[in-house]
Amino acid sequence: MEHIFQNVQEKTPLVHCITNYVTVNDCANILLACGGSPIMADDIDEAAEITAICGATVLNIGTLNRRTIESMLAAGKRANELGHPVVLDPVGAGASALRTQAAERLIKEVRFSAIRGNISEIKTVAGGTGSTKGVDASEDDALSADTLASGVALAQKLSKDTGAVVAITGAVDIVTDAKQTYLIRNGHPAMSKITGTGCMLTAMTGAYLAANRKEDYAAAAALCTALMGYAGELAYQKAQESDAGTGSMRTYLIDAISKMTYETLSGGMKIETVRS
Amino acid sequence: MEHIFQNVQEKTPLVHCITNYVTVNDCANILLACGGSPIMADDIDEAAEITAICGATVLNIGTLNRRTIESMLAAGKRANELGHPVVLDPVGAGASALRTQAAERLIKEVRFSAIRGNISEIKTVAGGTGSTKGVDASEDDALSADTLASGVALAQKLSKDTGAVVAITGAVDIVTDAKQTYLIRNGHPAMSKITGTGCMLTAMTGAYLAANRKEDYAAAAALCTALMGYAGELAYQKAQESDAGTGSMRTYLIDAISKMTYETLSGGMKIETVRS
Amino acid sequence: MEHIFQNVQEKTPLVHCITNYVTVNDCANILLACGGSPIMADDIDEAAEITAICGATVLNIGTLNRRTIESMLAAGKRANELGHPVVLDPVGAGASALRTQAAERLIKEVRFSAIRGNISEIKTVAGGTGSTKGVDASEDDALSADTLASGVALAQKLSKDTGAVVAITGAVDIVTDAKQTYLIRNGHPAMSKITGTGCMLTAMTGAYLAANRKEDYAAAAALCTALMGYAGELAYQKAQESDAGTGSMRTYLIDAISKMTYETLSGGMKIETVRS
């Protein structure tokens, strides 16, 4: 997977994000840290045009509104025309009708290259009945060893239905394009105490897809997911060593991404493939 | 007050914030750090629905606009119907007619459980003539030992008029529900060099009210105010020890909140009750 | 230049920013760190009124939209009426027609005291053909020793055309009011891995102009540019010493600004004047 990692470093992919204002700064900084370059533009008068100069488009429905939904549709459709990868983060799908419907409409009108969410969000967009606790996964939905198989089946089904690589992140992350399925066992529970780790991963996924070939999208999304998780482990460890809290851990997370080499990552990532 | 603190840790209250985009990320991270869980949603098409799944609603009028004022009203009214606590931060009330009128309209149409602001903002919403320096309190309004009594009287009057717990934060913080009045002598002047310490405290107040009983709202707001102030002291101290500046102090503030135990807090908080 | 620096510290200039939501928190924190005070307000119903109580107005077109363009025009015109300095950051001008046209319209309808951008943005607003890579300068446009003279000529021409101090930031920074031209050789390439260093400098320029006399605007903008660059050097050095990455460097940048004295700055700044 080394070429996938190096491609991001070497190509500095420009990623257009229409994303929520809660975590947008972290998304921009993590894109820079991983080797990409961010541009945020959410107005309908420029959304499609900005998409055209970028290598990928990331649509994140946290803090969405009527105005930005139209911009997301315009950007997504333009990216489809140009063959650029488009990534969806259905933040809070299931928490309100607006979010659920926006996610459904986006999936209906835009062909996504990747969709990343927690188990509750993915259940919702897969047409199921995901319960949510706001923007976090419901505990009822949490993946355990017992339910991992059903999570894999869900991800594979949504991938078949949409043609997108599907990533369900949680204690164990699942990434699949229906043909190839990866389980990633990186990350640390303390990451859930930092806002936006999901948004940041989605933004980075945009950079990883932009810099790599279509046939490598699932592998690229899996590697990127492992990168985020391993960086979280390193950040947690550093915070522990310095007796620091979640504020420092957030900073160390960006630090870890910005300093990551493939050699370090390959020593820490825990990616396995699932036999079908 | 230990049960008030532990309730937040144990219940992980979900707090809906319609808040300004300047400090929204800090509000989300401090909510997570104190034991709560944030969800930001400001569109009229989902505001009331998101409020319904949350334990508290926080309305902050920094960077408000016509669109979000309507969302605040819808969310606040829904929270009232459901009996959920609603907290107001009248950021910059007095600095523009839009803000003053928005604060007045919110107070008229929504029953608030708590209102937190600096002395100039509280003077303005109390129908007085608070002068402001932008979003900071005017020096003319600054509370000194001499004017503390008038600050207490102002807070008690606004509390009686609105039924809300009123918190005036400054060199000395005043928290009152008209029956019980607390003075909090925590905090450090350097906190004013970090944007959003007021917004963050208001967001945390939402979590503290959500997790506690109505009869404890004043005590919960007072404890939360002491928590913020004491965390600021610890953050300042750590920044001094490492010869760091305000960027690090902001990070250490979140660190301190995330690592706070009741034992530590009770050793550092300086809350006194005022005899009526 | 010491009085220019001390004026900011002593006058605590209030700066009204209508700025993008990606870097707005950093802009607020750096304004506080440098001695100013921020207020963000972008609604047409209060933009001009907020401008009136401030010492300077900063207009930044990153994440602009139809609503905020009108607010920028209203705020800029009000500042002109009052004789308050107005600073423009044409973020991404050249990357979309919306941004290019918004920048042109702002320059046509508002008299700016300063305009700061990268070489591609400044080429675009000067009516040239700046190529852009999103919000970063195109490599085709990058200033080298060979092209520095043409950069200076471009800045001087735009300054003559608009009456504004023009700052082009890059490997070498150019600041000119057409009469006096400064080259600043501070900064570190790693600053480009932190989002918003340009936005932050523009915000600080607002504070520096607000606190100083009109005849010192070019010197104030030059000093402020050197301050940002030197703080970036110190931040990079501290990050290197602690084996940290870009997350920490961002924090250290704010730290360095907040702790800067004129004595330290004068020992590190590399400002030279260009003979005409």
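That block above? That's the structure.
Because the structure is predicted, anything quoted here is derived from the model rather than measured.

### Thoughts on the overall build of chain A
Piece 1. On a plain count of helices and strands, chain A comes out with 11 helices and 11 strands.
Piece 2. On C-alpha atoms alone, chain A measures out to a radius of gyration of 17 Å, which is about the 19 Å that the 2.2 N^0.38 rule sets for 276 residues.
Piece 3. Principal-axis analysis of the C-alpha atoms gives chain A an extent of 45 × 40 × 35 Å.
Piece 4. Within the span of chain A, comprising 276 residues, buried residues form 65% of the whole.
Piece 5. Look at the contacts in chain A between residues 6 or more apart in sequence, and 72% of them connect residues 24 or more apart.
Piece 6. Roughly 9500 Å² of accessible area belongs to chain A as shown, and the carbon and sulfur atoms make up 48% of that amount.
Piece 7. For chain A, the distance from the average position of its 24 positive side-chain charges to the average position of its 30 negative side-chain charges is 4 Å.

### Side note on the interface of chain A and chain B
Piece 1. Opposite the 30 residues of chain A that make contact, chain B presents 34 residues.
Piece 2. One can count three salt bridges joining chain A with chain B.
Piece 3. We note a salt bridge from B:Glu46 to A:Arg99, for which the minimum N-O separation is 2.8 Å.
Piece 4. Linking chain A with chain B are 16 residue pairs in polar contact (both at pLDDT 80 or more), by the criterion used here.
Piece 5. The set of elements that each furnish at least two residues to the side of chain A that touches chain B consists of helix H5 (97-109) and helix H10 (246-259) of chain A.
Piece 6. Take the side of chain A that touches chain B: its biggest share by element is five residues, from H10(A).
Piece 7. Residues that form the side of chain A that touches chain B fall into these classes: nine nonpolar, 13 polar and eight charged.

### Concerning the relation of the copies chain C and chain A
Comparison of the two chain copies shows a relationship of rotation about an axis with a shift along it.
Piece 1. Laying chain C over chain A is done by rotating through 120° and shifting 0.0 Å along the axis; what remains is an RMSD of 0.0 Å. Overall, the copies show the geometry of a three-fold rotation axis. Relative to the rotation axis, the C-alpha of C:Tyr21 is the closest in chain C, positioned 3.7 Å from it.

### A short note on the packing of helix H2 (residues 24-34) of chain B against helix H10 (residues 246-259) of chain B
All names here are of chain B.
Piece 1. Where H2 meets H10, the closest approach of the two axes is 7 Å, and the angle between their N-to-C directions is 30°. Relative to H10, H2 is oriented roughly parallel. Note on packing geometry: the crossing formed by H2 with H10 is right-handed. Across from Asp26, Asn29, Ile30, Ala33 and Cys34 in H2, the residues of H10 making contact are Arg250, Ile254, Ile257 and Ser258.

### A closer look at unusual backbone geometry
Piece 1. The backbone of A:Ala178 shows a phi angle near 80°, a positive value even though the residue is not glycine.
Piece 2. Relative to the helices and strands, A:Ala178 resides in the loop between strand E9 (173-176) and strand E10 (181-184).
Piece 3. One non-glycine residue, B:Asp243, lies in positive phi territory at about 55°.
Piece 4. Mapped onto the elements, B:Asp243 comes out in the loop between helix H9 (217-241) and H10.

### Considerations on the pattern of salt bridges
Residues and elements named next belong to chain C.
Piece 1. The full count for this structure, using the stated rule, is 45 salt bridges over all chains.
Piece 2. A salt bridge links Asp26 to Arg250; its shortest N-O distance comes to 2.7 Å. Highlighted residues: Asp26 in helix H2 (residues 24-34) and Arg250 in helix H10 (residues 246-259), separated in sequence by 224 residues. For the residue pair Asp26 and Arg250, the accessibility class agrees, reading buried in each case.
Piece 3. Residue Glu215 pairs with Arg213 through a salt bridge whose shortest N-O separation is 3.4 Å. Of the two residues examined, Glu215 and Arg213, each falls in the exposed class.

### A closer look at the environment of B:Arg185
Residues and elements named next belong to chain B.
Piece 1. By the element assignment, Arg185 lies in the loop between strand E10 (181-184) and helix H8 (197-210).
Piece 2. In this structure Arg185 comes out as partly exposed when scored by relative accessible area, which is 37%.
Piece 3. Between the C-alpha atom of Arg185 and that of Ile271, which follows or precedes it by 86 residues, the distance is 6.6 Å.
Piece 4. For Arg185, the contacting residues outside a window of four places in its chain are Leu148, Val172, Glu233, Lys270 and Glu272.
Piece 5. A polar contact of 3.0 Å, which involves the side chain of Arg185, links it to the side chain of Glu272.

### Concerning the interface of chain C and chain A
Piece 1. Counting residues at the interface gives 30 residues for chain C, matched by 33 residues for chain A.
Piece 2. The junction of chain C with chain A conceals about 2500 Å² of combined surface from both sides, 47% of it contributed by carbon and sulfur atoms.
Piece 3. Seen at the junction of chain C and chain A, the total is three salt bridges.
Piece 4. One salt bridge in this structure joins A:Lys259 and C:Asp243, with 3.2 Å as the shortest N-O distance.
Piece 5. At the junction of chain C with chain A, the criterion picks out 16 residue pairs in polar contact (both at pLDDT 80 or more).
Piece 6. In terms of residues, the side of chain C that touches chain A owes the most to one element, H10(C), which gives five residues.

Thresholds, definitions, all that
- Residues numbered from 1 in each chain as written.
- Chains lettered and ligands numbered in written order.
- Predicted model: local features only at pLDDT ≥ 70, side-chain atom pairs only at ≥ 80, totals over all residues.
- Heavy atoms only, no water.
- Helix = DSSP H or I, 4+ residues; strand = E, 2+ residues; numbered from the N terminus.
- Rg over C-alpha atoms; globule rule 2.2 N^0.38 Å.
- Buried < 20%, exposed > 50% of the residue type's maximum accessible area, 1.4 Å probe, protein only.
- Contact = heavy atoms within 4.5 Å.
- Areas by Shrake-Rupley, 256 points an atom, 1.4 Å probe, with all protein chains shown as cover.
- Lys, Arg positive; Asp, Glu negative; His and termini not counted.
- Charge placed at Lys NZ, Arg CZ, Asp CG, Glu CD.
- Salt bridge = Lys/Arg side-chain N within 4 Å of Asp/Glu carboxyl O.
- Polar contact = N/O pair within 3.5 Å; in protein donor to acceptor, adjacent residues only side chain to side chain.
- Nonpolar A, V, L, I, M, F, W, Y, C, P; charged D, E, K, R; others polar.
- Least-squares fit on C-alpha atoms with pLDDT ≥ 70 in both.
- Axes fitted to C-alpha atoms, helices over the stretch in contact; angles between N-to-C directions.
- Parallel < 35°, antiparallel > 145°, perpendicular 65-115°, else oblique.
- Left-handed = near helix turned anticlockwise from the far one by under 90°.
- Buried area = accessible area lost by both parts, 1.4 Å probe.

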